[in-house]
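One letter stands for each residue in the lines below.
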Amino acid sequence: MIPILFFFFAAVAIASGIMMIVHRNPIYCALFLILTLFAVAGLYVLLNAPFIAAVHIIVYAGAIMVLFLFVIMLLDLKSETSRQRPGGLPRILSIIMSGVLLAELVLFLRSGTANLPLVEGDLIIGSTKEIGNLLFTEYLFPFEITSVLLLSSIIGSVILARLKLK
Amino acid sequence: MEIPISYYLLLSGILFTIGVVGVLTRRNAIVVFMSIELMLNAVNLTLVAFSKQFNSLDGQIFVFFVMVVAAAEVAVGLALIVAIFRLKQTVSIDKINIMKW
Amino acid sequence: MLFNFATALVFLIFGGLFVLLNLGISRILQARNPHPVKISTYECGELPEGESWIQFNIRFYVVALVFLIFEVEIIFLFPWALVFKDLGLFAFVEMMIFVFILLVGLAYVWAKGDLDWDKPQSVPAPELSQSYEQKEVTETVDS
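Because the structure is a prediction, the values reported are computed rather than measured.

1. A short note on the overall build of chain C
Item 1. Along chain C, the regular secondary structure elements total 4 helices and 0 strands.
Item 2. N-terminal to C-terminal, the α/β element order of chain C is α-α-α-α.
Item 3. Split into buried and exposed, the 143 residues of chain C put 14% on the buried side.

Okay, structure coming up:
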């Protein structure tokens, strides 16, 4: 069952990812990205990380993509939905370079992870409590720094949204 | 039956490459931004896969922080896009060249 | 553990199937003879004005930004609530510092008036909103 689910989620993630970068309407791009995010959340569950999967859906599908859709609606991008891809050389070059990157990644993965040691011991499942224990003891300082990051981002983005035209 | 970690890493590599193609070929700044989100997700998948492989939770904590950084990045980045749109009436990255001379 | 998520998976699969099945049935059974009046948004005499893709006011965007930040705070509150009993006062103090720093941001946004709803001088794109009003005026004159 698990292999079937893995290949199902992987296929959904890749297919909707490709649809996201080829679709012309930005709203459809956002919806396909949401589909990819759900597939990735399913993969997190298969990887024994149920809490990460839930948080992933809450943050990405619940907040980040809402903000994306919001901005697409805010900007009224109808005129931008027409064809506006770079034709010719830049596009071909960028696709070739991406192919090279993929080949590099595959080669690296084949050589690097062929015989990774499997750590013995009790299987750790990333439940909410386990993550909380680690987060509030060992990773306490990064956690507190995170709040400063969020503070700076809220102030910065509100100032940018307020910016008046000259 | 267990899926070997290399499958997850390969999937993550493919997703990352899709994100790169999106960044390089699209001209809509918002879609470019979404492609960056896809790349962040690919990296998150790698972190969780290694977290399972090495039987430790540190990778999952990292995913937490990556998500927070992604949220902060989206807030500021979209505010930038909105500000640029109000200045230039476009989000096409070919036409946003106010810092290029 | 995985077995608990079978419920979610079954729910997801049947949700998707339900939508596809219903759309498919209506696609098969429907009679298709399009007519400009029939395919308009409201079929019952109400003439649609403009398009469904309208521009939002930018003040909604500021609220959405604040929502995003506090949603991220929520994901830290979940694990905190579960380990609170074990870690005691220590966890309480550290979470209070975290929440306080974020509340500084909220207080800033609030004090600067970005959450105020009726603030005419902060209308972001004057030429766009003006064109909207002008369009409405001319249309009412025409009718």
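2. Overview of the overall build of chain B
Item 1. Counting its secondary structure elements, chain B contains 3 helices and 0 strands.
Item 2. Moving toward the C terminus, one meets the helices and strands of chain B in the order α-α-α.
Item 3. In terms of C-alpha radius of gyration, chain B reaches 17 Å, well past the compact-globule figure of 13 Å for 101 residues.
Item 4. In terms of overall dimensions, chain B has C-alpha extents of about 55 × 25 × 25 Å along its principal axes.

3. Observations concerning the interface of chain A and chain B
Item 1. On the side of chain B, 62 residues touch chain A, which itself brings 71 residues to the contact.
Item 2. When residues of the side of chain A that touches chain B are traced back to their parent elements, those giving at least two are helix H1 (2-22), helix H2 (26-46), helix H3 (50-75), helix H4 (89-112), helix H5 (128-135) and helix H6 (140-162) of chain A.
Item 3. Counting residues per element, the side of chain A that touches chain B draws most heavily on H3 of chain A, which supplies 11 residues.
Item 4. Across the side of chain A that touches chain B, the residue classes break down as 54 nonpolar, 13 polar and 4 charged.

4. Side note on the interface of chain B and chain C
Item 1. Listed per partner, the contact involves 5 residues of chain B and 7 residues of chain C.
Item 2. Tallied by class, the residues present in the side of chain B that touches chain C amount to 4 nonpolar, no polar and 1 charged.

5. A short note on helix H1 (residues 5-25) of chain B
An α-helical segment advances 3.6 residues per turn. Residues three or four places apart therefore align on the same side.
Item 1. With 21 residues, H1 of chain B should cover 30 Å at 1.5 Å per step; its first-to-last C-alpha distance of 30 Å lies within 8% of that length.
Item 2. H1 of chain B sits mainly inside the fold: 15 of its 21 residues count as buried.

6. Overview of the environment of Leu47 of chain B
Item 1. Looking at the element boundaries, Leu47 of chain B is found in helix H2 (residues 29-53).
Item 2. Non-local contacts of Leu47 of chain B, meaning those with residues more than four positions away in its chain, are made with Gly59, Phe62 and Val63 of chain B.

7. Some details on unusual backbone geometry
All names here are of chain A.
Item 1. Despite not being glycine, Asn48 shows a phi value in the positive range, around 60°.
Item 2. Along the polypeptide, Asn48 turns up in the loop between H2 and H3.
Item 3. Owing to 20 C-beta atoms within 10 Å, Asn48 belongs among the buried residues under this scheme.

8. Quick word on the confidence of the model for chain C
Residues and elements named next belong to chain C.
Item 1. Mean pLDDT over chain C stands at 77; residues scoring 70 or higher make up 71%.
Item 2. Residue range residues 128-143 is modelled with pLDDT below 50. Its contacts to residues more than four positions away, or to other chains, number 2 contacts.
Item 3. Reported confidence for the predicted complex is 0.90 by ipTM and 0.82 by pTM.

Criteria and thresholds
- Residues numbered from 1 in each chain as written.
- Chains lettered and ligands numbered in written order.
- Predicted model: local features only at pLDDT ≥ 70, side-chain atom pairs only at ≥ 80, totals over all residues.
- Helix = DSSP H or I, 4+ residues; strand = E, 2+ residues; numbered from the N terminus.
- Buried ≥ 20, exposed ≤ 12 C-beta atoms within 10 Å, placed from the backbone.
- Rg over C-alpha atoms; globule rule 2.2 N^0.38 Å.
- Contact = placed C-beta atoms within 7 Å.
- Nonpolar A, V, L, I, M, F, W, Y, C, P; charged D, E, K, R; others polar.
- Expected span 1.5 Å × (residues − 1).
- pLDDT = per-residue confidence, 0-100.

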